[in-house]
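# Architecture and fold: a report
Listed below, chain by chain, are the residues.
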Amino acid sequence: MHGLFPKKVTDAVPDALSDHEKLSMPLLEDEETGRQFAMLILKLLAGRSSRDLRTE
């Protein structure tokens, strides 16, 4: 942990937090957007689960 690395990591955290807030607020503020997002996540998880089962 030398040089600028520790500071760069610390500086990246607020940026990431800000980016995630910008992405999450529309999901929390609009019920339909939140529902569509939940369906997308469900489809992604269901697709991954069925693929995982086929590869085992």
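Before reading further, recall that the structure is shown in the block above.
A few points on the structure. Predicted model, so just to flag it, every value in this text is computed and none were measured.

### Thoughts on the overall build of the protein chain
Each helix and strand counted, the protein chain has two helices and zero strands in total. Scored against the burial criterion, the 56 residues of the protein chain give a buried share of 0%.

### Here we look at the pattern of salt bridges
Throughout the structure, instances matching the rule amount to two salt bridges. With its nearest N and O atoms 2.9 Å apart, the salt bridge here joins E32 to R35. Here E32 pairs with R35, and both are found in helix α2 (residues 31-55), just three residues apart, close to one helical turn.

### So, helix α1 (residues 5-29)
For α1, which comprises 25 residues, the first-to-last C-alpha distance of 36 Å matches the rise-based estimate of 36 Å (1.5 Å per residue) to within 8%. The largest bend in α1 comes to about 30 degrees, at L23, with the proline P26 one to four residues further on.

### Re a nonpolar patch on the surface
There is a patch of nonpolar side chains on the surface, built from F37, L40, I41, L44 and L45 and spanning about 440 Å² of accessible area. By the secondary structure assignment, L45 is in helix α2.

Rules of the game
Residues numbered from 1 in each chain as written. Predicted model: local features only at pLDDT ≥ 70, side-chain atom pairs only at ≥ 80, totals over all residues. Heavy atoms only, no water. Helix = DSSP H or I, 4+ residues; strand = E, 2+ residues; numbered from the N terminus. Buried < 20%, exposed > 50% of the residue type's maximum accessible area, 1.4 Å probe, protein only. Salt bridge = Lys/Arg side-chain N within 4 Å of Asp/Glu carboxyl O. Expected span 1.5 Å × (residues − 1). Bend = angle between axes of the 7 residues up to and from the residue. Patch = residues over 30% accessible without salt bridge, like charges linked within 9 Å, V, L, I, M, F, W, Y side chains within 5 Å. Areas by Shrake-Rupley, 256 points an atom, 1.4 Å probe, with all protein chains shown as cover.

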